[in-house]
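Each chain, letter by letter, is given below.
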Amino acid sequence: MRCHLLLPLLALAACQPAAPAPEVVVWAWERPEDLRFLPKDAEIAVQTGFIDLAGDNFLARGRRFPLRADRPPTTAVVHIQIDDSMPLRWTPALRARVSAAVLHFARIVPAPRVQIDFEVRQSQRQVLIDVLHDVRAGLPRTVLLSMTAIASWCQEDWLGALPVDEIVPMLFRMGRGGAALRARIEGGGDFAEPACRKALAVSSDAPIARAPPGRRIYMFAPQSWTPSTFDAVRKRVEQWR
Amino acid sequence: MAMKRGWWFAAAACVAALAGTRASGSGDPGPILDYVTSHALHPIDRAAFAAGNVGIVKPSAPAAVRYLDWRLLTGLETGTDAARALTTPCCGDWQDLTGVWLEARRQVPGLEADYYWVSTERQGPDYTSIPTCFGDAFTTAAATLKARIAAHGATSLWVRAWVDAQDRVFEACSKDGITLPPLDPGAPAWLRADRAYQQAALALYDGRLADAEAAFAAIGRDPTSPWHKLALYLQARTIQRAALTTRESAAFARAHAAIATLAAAPDGTYGRGEVVRMQQVLDYHEHPAALRDRLDRVLNAKTPTPDIAVQFKDYWSLSANQPDKPEAADWIATLGARNREEGLAHATGRWQATHRTAWLVAALGLARPDDAGALPLLRAADRVAADDPAWLTARYHLLRLRIGRVPDATLRPEVDALLARRDLTPSDRNIFLSIRAQLATSLADFTGYALRQPYCKAGAGDCAAVAAEAQLGQRGQDWLGLGDDARMTIDRLPLAERLALGRSARLPTALRLDLTLTNYVRAVLLRRDAAVNETARMLVTLLPQVKADWQRILRTPPGPAKRFAEIFVMTKIPSLRTDLADYARPHGDEASFGGYWDDWFVQLPRGMAPAAFPAAKDYYECRWWDGGAQDDAVDLTCNGRCGEAFPARPASFARPMQAAARSERSAFRRAADLDRGKTGGTTLWEEALAYVTAHPRDPRAGEALYRLNRVGRWGNNHNQLSKRAFRLLHARYPGTVWAQRSPYYYN
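As a starting point, this report considers the structure included with it. What you see is a predicted model; the values in this text were computed from it and never measured.

Here's the deal with the packing of helix H8 (residues 189–205) of chain B against helix H9 (residues 209–220) of chain B
Residues and elements named next belong to chain B.
- H9 packs onto H8 with a crossing angle of 155 degrees between their chain directions and a minimal axis gap of 7 Å. Taken together, the axes of H8 and H9 lie roughly antiparallel to each other. Pair H8 / H9 crosses with left-handed handedness. Note on element contacts: H9 touches H8 through Leu209, Asp211, Ala212, Ala215, Phe216 and Ile219, opposite Ala196, Tyr197, Ala200, Ala201, Ala203 and Leu204.
- Grouping the constituent residues of the contact of H8 with H9 by class yields 11 nonpolar, no polar and one charged.

So this is what it looks like as structure tokens:
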């Protein structure tokens with residue numbers, strides 16, 4: 001009976017036009033970038049802030065390298081990291097100071113989306129969770145909050161409760177179990193955590209043969225972007241459909 | 001309060017340093033506590049440099065550390081201060097100090113309390129940020145406020161007026177158009193003097209440099225101002241900043257004159273000690289080539305200068321990308337040459353021309369055994385005298401270039417002699433331990449060299465924080481881990497040898513847990529009841545969180561029920577693996593065990609490719625960004641920090657066992673190993689599902705279905721395991737707690 005109901009739906013799906021091209025977002029990372037060559041439909045996510053936590057203090061600075069673009073970025077990215085040379089003392093006072101700094105860099109450009117890029121060890125997850133809660137509380141509701149994620153996090157069950165609108169699993173530098181996860185994704189599988197199914201990130205130097213279609217795609221390159229690098233990554237991404 | 005330091009100088013240095021670092025992608029969790037470091041952040045490594053011990057030269061080290069190597073290799077002195085200055089990362093003192101100020105102002109009642117951070121940068125063009133205010137401005141403000149509170153009281157309206165103005169000054173760090181509140185005509189003299197200083201600082205931050213200069217000059221003319229003594233210095237800095245902003249020759253001339261005036265001031269004048277640095281900042285922009293040549297002479301002088309780190313930063317930034325580098329900069333650049341062949345040819349040529357062992361070291365670092373010029377380099381390395389600072393590096397590369405090409409027995413005594421030395425840094429000891437483990441003659445011999453001491457600060461708890469992730473174990477006060485090469489060897493051993501190693505009391509308990517858990521999985525997959533029992537017996541104490549499950553396995557006789565008990569406990573431990581390569585230690589209680597389940601076949605799909613060992617690169621501890629490396633370029637000995645890769649290979653004694661170990665691996669196949677598009681086969685979890693289906697009255701059935709639902713959900717869900725477990729659970733045990741805990745099916 002259930003199969004019978006499904007058949008008309010499948011037929012309807014077959015009649016639909018081809019899926020639209022995926023939304024693509026180019027990351028303007030910590031290097032000079034000239035993205036004026038981008039096609040009109042490509043968005044820009046610019047790293048506006050860099051925060052390095054160490055001990056009971058931190059370093060916070062804005063972008064040091066110019067981004068040349070013919071359109072405003074749609075995403076402000078704040079990168080946070082923990083310096084392992086000095087054990088972090090995550091106190092309420094430090095949390096308040098760091099969160100205030102993150103919010104400053106998140107609002108430094110008037111983008112409709114803010115992204116937190118903060119990769120942590122298992123023992124440091126609470127720091128990430130705290131920051132996300134503070135940033136969500138400090139941003140206007142109209143601003144979307146995005147976070148990057150080590151892909152293997154999306155096979156665990158702690159991301160779903162985070163106060164974010166988008167989780168971007170990175171299909172490069174995937175973390176422990178990366179090979180198995182890569183095989184799963186390339187084999188047509190998906191991330192176990194449903195919150196990880198809206199967007200994903202790829203790198204120009206770590207091509208992946210296939211990933212679930214219909215996602216917002218963030219593109220990373222280890223060097224400054226060039227038109228040919230962009231075209232190559234985009235072409236690959238469009239082949240996933 | 002006005003800054004005291006050359007921000008432009010530090011900013012330029014930091015930008016240069018950032019540009020030279022490895023692209024960090026979208027970031028990573030930072031370096032894990034490592035067995036080999038090239039950064040010399042640990043006091044032991046710094047002390048070695050200070051004592052003149054170069055150790056194994058690591059071409060991946062920051063440029064300033066490579067310059068320290070250069071000094072030692074060319075017979076120049078180092079000393080404690082120079083070693084500390086050169087090994088301190090750029091901008092490490094750029095910690096946020098706004099908190100010091102914000103904490104101080106909380107002493108004044110009635111101020112906004114929900115104020116935690118001050119932006120110290122202004123927006124520049126093209127989304128850049130330009131540093132405006134620096135840490136000492138905030139510490140000076142905090143100290144001043146403390147003094148004013150001590151003198152006039154925290155509730156004084158004048159103190160409150162001072163803080164209000166200071167808040168506005170700091171607001172100008174990031175905003176244009178800031179003005180100070182009007183000063184009450186009845187304000188006391190001290191507040192008037194402070195206000196004049198605040199106005200000058202505001203003008204400086206606002207880029208109104210002529211106003212700032214005039215204001216500091218006026219303060220200098222007022223002997224009653226508490227800021228009087230700082231005025232000459234701050235005036236000179238303001239004029240210097242104007243020169244660097246306009247880049248006009250007249251402005252540079254004014255700056256030189258102002259610095260000369262400061263230099264001619266009486267002893268004890270504030271800021272006079274900054275004169276040399278201030279002059280260097282001007283030279284950097286006005287006469288870069290001359291400055292570089294002067295710094296080259298200074299930096300190659302026998303005795304290090306107090307400003308050696310600052311001088312090196314300028315020297316390196318003026319040399320690094322120039323084709324005609326001075327020799328020291330050339331050597332530093334050649335160590336990290338991007339084009340190996342060109343770098344090797346250049347280093348070899350320089351060595352032949354200069355006969356400096358520094359150049360021999362550079363060439364050795366870039367050489368591969370098959371290079372045409374490797375033999376002369378090897379011979380030269382063998383002739384390096386034992387008292388030469390290059391000796392240890394030469395011995396390392398001799399071992400690297402000869403291992404596997406000469407009998408192990410030839411190399412073994414040499415490594416033993418190296419390990420007997422007392423002057424090895426932890427990094428270098430770990431490197432030679434790795435080499436010695438690869439030359440091991442037996443499992444017992446191997447065990448003695450497999451353990452390595454990571455870089456952890458005793459008592460700081462940083463090892464403990466990552467112990468599970470890094471697979472570390474504690475023995476007394478020491479944290480120990482298995483070297484990357486050792487874990488690769490262990491994973492390539494047959495189960496019998498792995499079991500023997502798991503019994504070794506020489507391993508810390510936590511490492512025995514790692515080994516025994518992976519052995520347990522292997523034993524289950526190989527269906528070896530004796531091995532299952534042995535490991536389960538050990539796990540009763542090693543992993544007591546699921547003690548009852550281990551005990552049930554031990555008391556259940558061989559057969560389907562025992563098999564089910566074996567798999568049942570595996571549904572509780574999601575990070576179980578057959579190999580240390582991708583295993584993660586369970587920690588906390590059973591509910592908090594992390595990871596996701598692997599799915600092993602008990603019946604293989606047709607046409608599955610033959611079993612293989614994990615790739616060598618899988619043993620890089622948390623270095624995901626090297627995932628694309630080919631196996632022949634994987635360096636599990638020096639982690640790629642000593643130049644060309646030390647070949648990754650299993651220990652000698654293990655090599656005859658490889659065929660047996662590979663044969664066992666045919667039982668360790670996983671759904672993730674399947675080629676795309678292939679299906680079929682039966683997994684371990686399906687075996688458990690079949691047992692539950694056939695044994696509806698088993699008291700564990702409901703829980704097993706709940707767990708199998710989770711295994712499928714978070715694992716690979718082969719053949720829709722999750723769905724099948726969910727349906728059976730809700731059809732057969734609908735009212736149980738296990739059904740309530742899994743209210744929906746998830747694919």
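Things to note about the nonpolar core
- One finds Ile51(A), Trp331(B), Phe432(B), Phe446(B) and Trp550(B) to be the most contacted residues of the largest nonpolar core, which totals 223 residues.
- The element that contributes the greatest number of residues to this core is helix H26 (residues 509–526) of chain B, accounting for 10 residues.
- Excluding residues within four positions of it along the chain, Phe446(B) makes contact with Ala437(B), Ala440(B), Ala486(B), Thr489(B), Ile490(B), Leu501(B), Ala651(B) and Phe653(B).
- Among the nonpolar cores identified, the runner-up in size contains 29 residues, and Trp101(B), Tyr115(B), Ala141(B) and Leu145(B) belong to it.

Thoughts on the pattern of salt bridges
Residue and element names in this part refer to chain B.
- Tallying each qualifying case throughout the model produces 71 salt bridges over all chains.
- With a shortest N-O distance of 3.4 Å, Arg292 and Asp293 are connected by a salt bridge.
- Accessibility expressed as a relative area gives 11% for Arg292, which makes it buried.
- Classification of Asp293 by relative accessible area gives partly exposed; the value is 34%.
- A salt bridge links Arg292 to Asp324, with the shortest nitrogen-to-oxygen separation between them at 3.7 Å.

As for unusual backbone geometry
Residue and element names in this part refer to chain B.
- The phi dihedral of Asn639 falls on the positive side, at around 55 degrees, and the residue is not glycine.
- Its place among the elements puts Asn639 in the loop between strand E6 (601–603) and helix H30 (658–664).
- For Asn639, a relative accessible area of 4% gives the class buried.
- With phi around 55 degrees, Asn719 is a residue other than glycine that occupies positive phi space.
- Looking at the secondary structure, you find Asn719 in the loop between helix H32 (701–714) and helix H33 (721–732).
- For Asn719, a relative accessible area of 39% gives the class partly exposed.

Looking at helix H13 (residues 288–299) of chain B
Residues and elements named next belong to chain B.
- Look at H13: 16 Å from first C-alpha to last across 12 residues, which is about the 16 Å you get at 1.5 Å a residue.
- Here H13 has its buried residues at Leu291, Arg292, Leu295, Asp296 and Leu299. The buried residues of H13 occupy one face: seen down the axis, they fall within an arc of 140 degrees. With respect to the buried face of H13, the exposed residues turned more than 90 degrees away are Ala289 and Arg297.
- On its buried face, H13 is in contact with helix H3 (63–73), helix H12 (275–286), helix H14 (308–319) and helix H15 (327–335).

Definitions and limits used
Residues numbered from 1 in each chain as written. Chains lettered and ligands numbered in written order. Predicted model: local features only at pLDDT ≥ 70, side-chain atom pairs only at ≥ 80, totals over all residues. Heavy atoms only, no water. Axes fitted to C-alpha atoms, helices over the stretch in contact; angles between N-to-C directions. Helix = DSSP H or I, 4+ residues; strand = E, 2+ residues; numbered from the N terminus. Parallel < 35°, antiparallel > 145°, perpendicular 65-115°, else oblique. Left-handed = near helix turned anticlockwise from the far one by under 90°. Contact = heavy atoms within 4.5 Å. Nonpolar A, V, L, I, M, F, W, Y, C, P; charged D, E, K, R; others polar. Core = buried A, V, L, I, M, F, W, Y, C linked by side-chain atoms within 4.5 Å. Buried < 20%, exposed > 50% of the residue type's maximum accessible area, 1.4 Å probe, protein only. Salt bridge = Lys/Arg side-chain N within 4 Å of Asp/Glu carboxyl O. Expected span 1.5 Å × (residues − 1). Arc of directions from axis to C-beta.

This is a description of form; function is not addressed.
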